[in-house]
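Each chain is listed here by its residues.
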Amino acid sequence: MNTYKFARTFRGFKPSSVIEYLNNLEMTYEKEIKEKQEKIEELKKENEELKNTLKKLEEELSKLNEQKIKIAELLIIAQEKAEGIVSKAIEEGENKKRALLAEIEEHEKLLQNLKDEIKRIKGELQSFISKFDEKTVRDSQSELQEESSIM
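- Labelled according to an unreviewed UniProt entry, the protein appears under the name DivIVA domain, originating from Caldicellulosiruptor kronotskyensis.

This is the structure:
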């Protein structure tokens, strides 16, 4: 505060000087109070705006968290489905493999049976040919002997 010198009178300070000082002091304080009240109003408005912004951000964060949870749940479901598909594909592959191996085994048995049958028929044919050759040779010899005896 500024130092103020009051004018003096017979019984103390001059009343008009004191009143002037008090009026000046009152005006100064009223001005400061008004400035402070305006600042308070500005801060209240700013505070309200910040509260609204905070509320909006909290709502947005909440929505994002909900979306994050949903995405996580969907990823888990997708992973489970993918694992199920892979598992099913492996199982089907194994079943087809077993079926093909069984079919190959059947074909191998059939092939072996056919080979055995061919060997048997070949043996019979060779035996038949041998018998035929023997008979032909015997018949030829008989004919030769008959011809020789006729002559």
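Anyway, onward from the coordinates.
## Re the overall build of the protein
Turning to step 1, where the next piece is worked out: Per the secondary structure count, the protein includes one helix and two strands.
Turning to step 2, where the next piece is worked out: Traced from its N-terminal end to its C-terminal end, the protein shows the element sequence β-β-α.
Turning to step 3, where the next piece is worked out: The globule rule puts the C-alpha radius of gyration for 151 residues at 15 Å, and the 62 Å found for the protein is more than 25% above it.
Turning to step 4, where the next piece is worked out: Out of the 151 residues in the protein, the part that is buried amounts to 1%.
Turning to step 5, where the next piece is worked out: A total accessible area of about 14700 Å² is found for the protein, and carbon and sulfur atoms account for 58% of it.
Turning to step 6, where the next piece is worked out: For the protein, the centre of its 29 positive side-chain charges and the centre of its 34 negative side-chain charges are spaced 14 Å apart.

## Topic: a nonpolar patch on the surface
Turning to step 1, where the next piece is worked out: A cluster of nonpolar side chains, Ile-121, Leu-125, Phe-128, Ile-129 and Phe-132, forms an exposed patch at the surface whose accessible area comes to about 510 Å².
Turning to step 2, where the next piece is worked out: Within the secondary structure, Phe-132 is located in helix H1 (residues 15–150).

## Some words on a negative patch on the surface
Turning to step 1, where the next piece is worked out: Together, Glu-32, Glu-35, Glu-38, Glu-42, Glu-46, Glu-48 and Glu-49 give the surface a local cluster of negative charge.
Turning to step 2, where the next piece is worked out: With respect to the helices and strands, Glu-46 occurs in helix H1.

## With respect to the UniProt feature "coiled-coil region" (unreviewed entry) in the protein
Turning to step 1, where the next piece is worked out: When the UniProt feature table is mapped onto this chain numbering, "coiled-coil region" (unreviewed entry) sits at residues 19–131.
Turning to step 2, where the next piece is worked out: In residues 19–131, helix accounts for 100% and strand for 0%; the two terminal C-alpha atoms are 163 Å from one another.

## Let's talk about the confidence of the model for the protein
Turning to step 1, where the next piece is worked out: Here the protein shows a mean pLDDT of 90. Residues at 70 or above account for 92%.
Turning to step 2, where the next piece is worked out: Between the elements of the protein, mean pLDDT differs from a low of 66, seen in strand E1 (residues 8–9), to a high of 93, seen in H1.

## Observations regarding the pattern of salt bridges
Turning to step 1, where the next piece is worked out: Under the counting rule described, the total for this entry stands at three salt bridges.
Turning to step 2, where the next piece is worked out: A salt bridge links Glu-117 to Arg-120; the shortest N-O distance between them is 2.2 Å. Of this pair, Glu-117 and Arg-120 both sit in helix H1, separated by three residues, roughly a single helical turn.
Turning to step 3, where the next piece is worked out: Judged by relative accessible area, which is 40%, Arg-120 ranks as partly exposed.
Turning to step 4, where the next piece is worked out: Glu-124 serves as the salt-bridge partner of Arg-120, at 2.4 Å between the closest nitrogen and oxygen. Linking Arg-120 with Glu-124, this pair stays in helix H1, spanning four residues, or about one helical turn.
Turning to step 5, where the next piece is worked out: Here the salt bridges do not stand alone but share partners, grouping Glu-117, Arg-120 and Glu-124 into one network.

Scoring rules and cut-offs
- Residues numbered from 1 in each chain as written.
- Predicted model: local features only at pLDDT ≥ 70, side-chain atom pairs only at ≥ 80, totals over all residues.
- Heavy atoms only, no water.
- Helix = DSSP H or I, 4+ residues; strand = E, 2+ residues; numbered from the N terminus.
- Rg over C-alpha atoms; globule rule 2.2 N^0.38 Å.
- Buried < 20%, exposed > 50% of the residue type's maximum accessible area, 1.4 Å probe, protein only.
- Areas by Shrake-Rupley, 256 points an atom, 1.4 Å probe, with all protein chains shown as cover.
- Lys, Arg positive; Asp, Glu negative; His and termini not counted.
- Charge placed at Lys NZ, Arg CZ, Asp CG, Glu CD.
- Patch = residues over 30% accessible without salt bridge, like charges linked within 9 Å, V, L, I, M, F, W, Y side chains within 5 Å.
- Salt bridge = Lys/Arg side-chain N within 4 Å of Asp/Glu carboxyl O.
- UniProt positions renumbered as here; feature names shortened; annotations may be inferred.
- pLDDT = per-residue confidence, 0-100.

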